[in-house]
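Listed here are the chains, written in short residue letters.
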Amino acid sequence: MVPFQPGSPLPPDRLRAILGNAIMRQVARGWRIESQVDSQAVMATGGDVNHAAHLLISVLTCGAWVPVWLIIGLVNSEKRVVITIDGNGVVLFNGRPAPMVAPPPGRPRRGPRPRGDANAQAIAAANMRRELRRQAREHAAEDPALARELRIGRPDLPRQYDDGGLVDVNHVPARALTMLSGVTPEIAERIVSMREHVGGFSSAEELVATADLHPDLTPEIKEYGIFLP
């Protein structure tokens, strides 16, 4: 194996991990994911101003509400940022390197990170994974062929697309089905056997009913399962 040299391009999995961390930090600050590819993501915040309602209030108050409307519009106006990871792993915000935030002089940080920060990051990471699953499901619904090309729901195969942890119940081997919480190897083999018999499933509810699974498995399968034709 050739040792890594400074300045050499990083492998794709490292670049995706760096992008994921950058996205997680933005999600923790209240931003949302609009789109994402291998080394780039578009994120947005704000944009929820009800201008029609503010216009009506301004008319009813003979214009007295207009200054308030303007302030709300400025504060809550939609903003976007394009996060890009270059080949060396440098995080770029709208094409510029992310600013480094230094701790205040004379006050070095000591000890473990406050638990609240760790919890906030954990919540942000979970929300990011949920958003990735939502996007992957949208791609699969719009273009099943693209979903198969991206190997959405196929943790058993090498791939680059991050689907947030989905499992394609209709195509993965039994061992991959055990990634679903509550699905034991015995249950996974039962699902595969029934899948071969009926030709596949269309929903978590159909799977649970057809394979005679415990109803408690339905929420887990609905959250992490996908049923590609």
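Starting from 1, residues in each chain are numbered consecutively following that chain's sequence as written. This being a predicted model, a pLDDT of at least 70 is required before a residue's local features are given, and a value of 80 or more before pairs of side-chain atoms are given or counted; all residues contribute to the totals for chains, interfaces and linings. The basis for every side-chain value is the complete set of non-hydrogen atoms in the structure, without hydrogens or water.

### Thoughts on the confidence of the model for the protein chain
(1) Moving on: Put simply, the protein chain has an average pLDDT of 80, and 79% of its residues get 70 or more.
(2) Moving on: By mean pLDDT, helix α3 (residues 66-76) is the weakest element of the protein chain at 63, and strand β6 (residues 167-168) is the strongest at 95.
(3) Moving on: pLDDT under 50 marks residues 1-6. Its contacts with residues more than four places away, or in other chains, come to 2 contacts. A score between 0 and 100, pLDDT records how confident the predictor is in each residue. Numbered from the N terminus, helices here are DSSP runs of H or I no shorter than four residues, and strands are runs of E no shorter than two. Residue contacts follow a heavy-atom distance rule, with two residues in contact if any of their heavy atoms lie within 4.5 Å.

### So, the environment of Arg32
(1) Moving on: Structurally, Arg32 is set in strand β1 (residues 32-37).
(2) Moving on: Along the sequence, Arg32 and Arg80 sit 48 residues apart, while their C-alpha atoms lie 9.5 Å from each other.
(3) Moving on: Discounting residues that sit within four places of it in the chain, Arg32 has contacts with Val42, Met43, Ala44, Thr45, Gly46 and Glu78.

### With respect to the pattern of salt bridges
Note on pairing: side chains with opposite charge can pair once their charged atoms come close.
(1) Moving on: Salt bridge criterion: a side-chain nitrogen from Lys or Arg within 4 Å of a carboxyl oxygen from Asp or Glu. For the structure on display, the rule yields 8 salt bridges.
(2) Moving on: For Arg134, the salt bridge goes to Glu138, with nearest N and O atoms at 2.5 Å. Pair noted here: Arg134 and Glu138 are both in helix α4 (residues 115-142), with a separation of 4 residues, about one helical turn.
(3) Moving on: The exposure class of Arg134 is partly exposed, given its relative accessible area of 38%.
(4) Moving on: Residue classification places Glu138 among the partly exposed residues on the basis of a relative accessible area of 39%.
(5) Moving on: Asp156 serves as the salt-bridge partner of Arg154, at 2.7 Å between the closest nitrogen and oxygen.
(6) Moving on: Partly exposed residues are those whose accessible area sits between 20% and 50% of the maximum for their type, while under 20% is buried and over 50% is exposed, using a 1.4 Å probe and protein chains only. With a relative accessible area of 17%, Arg154 lands in the buried category.
(7) Moving on: Look at Asp156 and you get partly exposed, because its relative accessible area is 22%.
(8) Moving on: Salt bridges sharing common partners tie together Glu131, Arg134 and Glu138.

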